[in-house]
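# Fold and contact review
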Amino acid sequence: MTDTRLIHNVGVGAMEWLWAHRDGFRLEPGVDPEIGFLERFKPIGELAMICGVLFREGVAGSRQAELARRLLDTTWRETLDGGRMLVRGQRIEPMSPIPFEVYLPYRELGYSQPEIERWAAMLQRIDGWEVFETTPTRRLGLSAFQRRLGLTPRPPEAEAVKGTWLARTPEPWMVEGRIAYDITHCVFHLTDWGERPEGLPADIADYLRTWLPVWIDDWLDLERWDLLGELLVVDACLPRPTLDERAWKAFAAAQQPDGAMPAIREMPEGEPDDVFDVVYHSTLVAAFASVLATSRALSELAGAS
Amino acid sequence: MEQSGTSTLLQGAVQDLASSVVSALRSGDHTHVLPAGTEEAGDVTLAAVRVLGADALLPGTLLRTPPDPAGLAVFRKAVEAYPPRADAAPTVRWSHWAMARALHRADPSGTFERPDEPGTGWLDGASWQFLTHQLAVLAPLALPGEDDGVTRAAGRRTVDVARGFVRAVRRRDWRQAAGAGRWLTLLPGVPETLGLRAGLEFVELMGGQDPQVALQLEAARLLARTGALV
C-alpha cells in the first residue's frame with residue numbers, strides 16, 4: 001500500500017496552489033453572450049465541492065482546512081457577491097442548471113441565498129427541466145443535487161442511473177477519454193462524491209474492482225494526470241481501495257513544486273490566467289483524490305489495529 | 001544493412017508461414033503448411049518455423065489429422081537447429097519445449113526425446129501486465145486439455161489475463177491482444193463483462209490483416225468450439 005504521507009502531501013500542495021491562484025476563480029460579467037456568462041461559474045462550483053469534501057472527511061491539516069475556509073469565503077463573498085451573481089446568471093439563462101449546481105456545495109457548508117433556492121424549486125416543477133437533453137451522467141448528477149437540496153429528484157436517481165454508461169457495465173476495452181470521465185462522474189454522483197461508498201451498486205463495484213486497474217495503468221502511462229486523478233478518486237470510492245502505489249507515486253511526481261498538477265504531461269506555458277484555466281481542474285482533482293484516499297487509508301489503518 | 005535485410009527476409013517468411021497456418025485452420029487442409037522436405041527448407045524457413053514455434057503444427061494438433069511426414073521432418077530440423085542457450089529467457093525455453101511437445105505428439109513413435117519441462121518461477125508474483133505479455137508470447141501453449149506449468153499458472157490468474165487483454169486492445173497491440181484472447185477462450189472464470197467474443201471480433205477487424213494476429217484468432221475460434229481447458 002502507498003505511503004499515506006505521500007498521498008496526503010499531494011493535497012497539501014494542491015491547496016497551497018489553489019489559494020495562491022485564487023484570483024483565477026473569476027467571473028467575466030462583460031463576456032460575449034455567445035460564450036456565456038455562466039461558463040466561468042463551473043470552476044467555482046468545483047472548488048466549493050472539493051472544499052466540502054475536505055471538511056467532511058476531516059483528515060486535512062489545520063493549514064489546509066484554513067485555506068479551504070478562506071477560499072470558500074472569498075469566492076462566496078467577493079466572486080459570487082454573496083450569491084447575487086448566481087441569481088444574475090440565472091436571469092440571463094433561466095433554464096440553466098449551473099447556478100443551482102454551483103450553489104449546492106456552498107449551501108451545504110452554511111452559505112445561503114434564498115432566491116436561488118426559489119429558482120431551484122421552481123425549475124424542479126417544470127417538465128421541460130426534467131427532460132431537457134443532456135448526458136445521462138449529468139442527468140443523474142442533477143437528480144442527486146436536487147435530493148441534496150431537499151427537493152424530490154426528477155427523475156428519481158434509480159431511474160436516472162439506468163441510462164448511464166457505467167450502469168450497463170459494458171466492454172471495458174471500449175473505454176476512451178470521454179467515456180472514462182462519464183464513469184468517474186457517475187461514481188461521484190452515486191457515492192455523493194465519496195461520502196457513501198455503499199451507494200455503488202454491487203455489480204458496479206465489482207465491475208470497477210475488475211477493470212479500474214487497467215484504466216489507471218493506461219492513463220498513467222499516457223500521463224493524463226487530470227483523468228488519472230479522477231480514477232484515483234474512483235478507487236477511493238470502492239469497498240476495498242487499492243491505493244495503487246505506482247500510480248500515486250507518479251501522480252505525486254507530476255505535481256509541481258508550487259502544488260500545481262498539470263492536466264496532461266507537463267505544465268503549459270503562457271499568461272497566468274490561461275495557465276490557470278488549463279490546470280485548475282487537475283489541481284482540484286489532486287486535492288480531491290488526496291483527501292479521499294488519505295481518509296480511506298487512515299480508516300484501513302484504524303480498522304486493522 | 002545485411003542484418004536488417006536478413007531480418008526483413010525472416011519477418012516475411014514468418015508472415016508467409018503464419019498465413020499458411022491460417023489457411024489450413026480455415027480449410028482443414030494442412031498438408032502444405034510446411035515445405036515438403038528438409039532439402040527445400042533453407043535457413044530462413046527453418047528460422048521462421050522456430051519463430052512461429054509449435055503453432056507451425058497447429059492445424060494437425062487442433063484438427064486432429066495425421067501429420068505430413070515431410071513437413072514434420074522440417075519441423076524437427078527447426079527444433080534441433082535452435083536449442084535454447086543456457087542463458088535463454090524463460091519464454092524462449094518454453095516455446096522450444098512447446099515445439100518439442102508438439103513434435104513428440106505428432107510422431108510418438110519417433111526417436112525424438114522430449115526435454116524436461118522448464119520452471120515457471122519467473123511468473124510467480126508477476127504483474128498482470130507482464131504476465132499477459134509473457135503468455136501472449138507463449139500463445140502456442142494455449143491448447144485444450146494441457147496441464148503444463150504455464151497453463152496452470154495462467155489458469156490461476158484469469159482476471160489478470162483479462163485485464164491484460166483490455167490493456168493490449170487499448171494500446172493497439174493486436175498481436176498481444178490476440179494471444180491473450182486465445183488464452184482466455186480456454187481459461188475458467190473469464191469475467192462476463194469483458195465481452196470476449198466481441199473483443200476478438202474487434203481485434204480481428206482492427207488488426208487481422210497481420211497473419212500472426214489472424215493465426216491466434218483462428219486458433220481461438222477453434223478452441224472456443226472444442227471447449228474449455230480445465
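Worth saying up front: this structure is predicted, and the values here are computed from it rather than measured.

## A short note on the overall build of chain A
Of the regular secondary structure elements, chain A holds 14 helices and zero strands. Its helices and strands in sequence order give chain A the pattern α-α-α-α-α-α-α-α-α-α-α-α-α-α, from N to C terminus. Based on the C-alpha atoms only, the size of chain A along its principal axes is roughly 50 × 40 × 40 Å. Across the 305 residues that make up chain A, the buried fraction comes to 56%.

## A closer look at the pattern of salt bridges
Under the definition given, this model contains 44 salt bridges over all chains. The shortest N-O distance in the salt bridge between E28(A) and R26(A) comes to 4.0 Å. One salt bridge in this structure joins E80(B) and R76(B), with 2.9 Å as the shortest N-O distance. Here R76(B) and E80(B) lie together in helix α4 (residues 69-81), a separation of four residues that amounts to about one turn. E80(B) sits in the partly exposed class, given a relative accessible area of 44%.

## Re the interface of chain A and chain B
Between chain A and chain B, the contact holds 19 residues from the first and 18 residues from the second. Interface area lost by chain A to chain B is led by W173(A), W211(A) and V214(A), which between them contribute 44%. Run the count over chain A and chain B and you get six salt bridges. A salt bridge links R167(B) to D217(A); the nearest nitrogen and oxygen atoms lie 2.7 Å apart. Summed over the shared surface of chain A and chain B, the number is 11 residue pairs in polar contact (both at pLDDT 80 or more). With 10 residues, the single largest contributor to the side of chain A that touches chain B is helix α11 (residues 202-221) of chain A. Here the residues of the side of chain A that touches chain B sort into 10 nonpolar, two polar and seven charged.

## Regarding the domain arrangement of chain B
Residue and element names in this part refer to chain B. Taken domain by domain, chain B holds domain 1 (1-118) and domain 2 (120-230). Of note, the centres of domain 1 and domain 2, computed from C-alpha atoms alone, are 21 Å apart. With 26 residues of domain 1 in contact, the opposing surface of domain 2 contributes 27 residues. Roughly 2100 Å² of surface becomes buried between domain 1 and domain 2 when both sides are summed, with 66% attributable to carbon and sulfur atoms. Its largest share of buried area at the contact with domain 2, domain 1 owes to L62, T91 and W94, together 25% of the area lost on that side. Two residues, E218 and R26, come together in a salt bridge whose shortest N-O distance is 2.9 Å. Our enumeration of links across domain 1 and domain 2 arrives at nine residue pairs in polar contact (both at pLDDT 80 or more). Element by element, the count of residues in the side of domain 1 that touches domain 2 is highest for helix α1 (residues 2-27), at nine residues.

## Looking at the environment of G303(A)
Residues and elements named next belong to chain A. With respect to the helices, strands and loops of the structure, G303 is situated in helix α14 (residues 272-304). Residue G303 is classed as exposed on the basis of its relative accessible area, which comes to 63%. Distance from G303 to T79, taken between C-alpha atoms, is 42 Å for residues 224 residues apart in sequence.

## A few points about helix α2 (residues 42-57) of chain A
Residue and element names in this part refer to chain A. Here α2 spans 23 Å end to end across 16 residues, near enough to the 22 Å set by a 1.5 Å rise per residue. α2 sits mainly inside the fold: 13 of its 16 residues count as buried. Phi for G58, located one or two positions after α2, is positive at around 65°.

## A few points about the packing of helix α6 (residues 128-137) of chain B against helix α8 (residues 158-170) of chain B
All names here are of chain B. In the contact formed by α6 and α8, the axes pass within 8 Å of each other and the chain directions differ by 80°. One way to sum up the angle between α6 and α8 is to call them roughly perpendicular. Of the residues in α8, those touching α6 at W128, Q129, L131, T132 and L135 are D160, V161, R163, G164, F165 and R167. Split into classes, the residues belonging to the contact of α6 with α8 amount to five nonpolar, three polar and three charged.

## A word on α11(A)
Residue and element names in this part refer to chain A. Spanning 20 residues, α11 covers 29 Å between terminal C-alpha atoms, matching the ideal 28 Å at 1.5 Å per step. A bend of about 45° at W211 is the largest found in α11, and the proline P213 appears one to four places after it. The buried count for α11 comes to 15 of 20 residues, which makes it a mostly enclosed element. Positioned one or two residues after α11, E223 has a phi angle of 55°, which is positive.

## Some remarks on the packing of aromatic side chains
All names here are of chain A. Scanning the model with the defined rule gives 20 aromatic pairs over all chains in all. Between the aromatic rings of F100 and W129, the centroid separation amounts to 6.0 Å while the plane-to-plane angle is 70°, which identifies the pairing as edge-to-face. Taken as a pair, F100 in helix α5 (residues 98-108) and W129 in helix α7 (residues 127-131) lie far apart in primary sequence, 29 residues in all. Assessed through its relative accessible area of 2%, F100 is described here as buried. Residue W129 is classed as buried on the basis of its relative accessible area, which comes to 3%. One aromatic cluster in this structure is built from W17, F25, F276 and Y280. Above the plane of the ring of W19 lies R22, whose end atom (NZ or CZ) is 3.8 Å from the centre. The positively charged end of R139 is found above the aromatic ring belonging to F132, 4.9 Å away from the centroid.

Criteria and thresholds
Residues numbered from 1 in each chain as written. Chains lettered and ligands numbered in written order. Predicted model: local features only at pLDDT ≥ 70, side-chain atom pairs only at ≥ 80, totals over all residues. Heavy atoms only, no water. Helix = DSSP H or I, 4+ residues; strand = E, 2+ residues; numbered from the N terminus. Buried < 20%, exposed > 50% of the residue type's maximum accessible area, 1.4 Å probe, protein only. Salt bridge = Lys/Arg side-chain N within 4 Å of Asp/Glu carboxyl O. Contact = heavy atoms within 4.5 Å. Buried area = accessible area lost by both parts, 1.4 Å probe. Polar contact = N/O pair within 3.5 Å; in protein donor to acceptor, adjacent residues only side chain to side chain. Nonpolar A, V, L, I, M, F, W, Y, C, P; charged D, E, K, R; others polar. Domains from an automatic or database assignment. Expected span 1.5 Å × (residues − 1). Axes fitted to C-alpha atoms, helices over the stretch in contact; angles between N-to-C directions. Parallel < 35°, antiparallel > 145°, perpendicular 65-115°, else oblique. Bend = angle between axes of the 7 residues up to and from the residue. Phe/Tyr/Trp six-rings, centres within 6.5 Å; stacked < 30°, edge-to-face > 60°. Lys NZ or Arg CZ within 6 Å of the ring centre and 35° of its normal.

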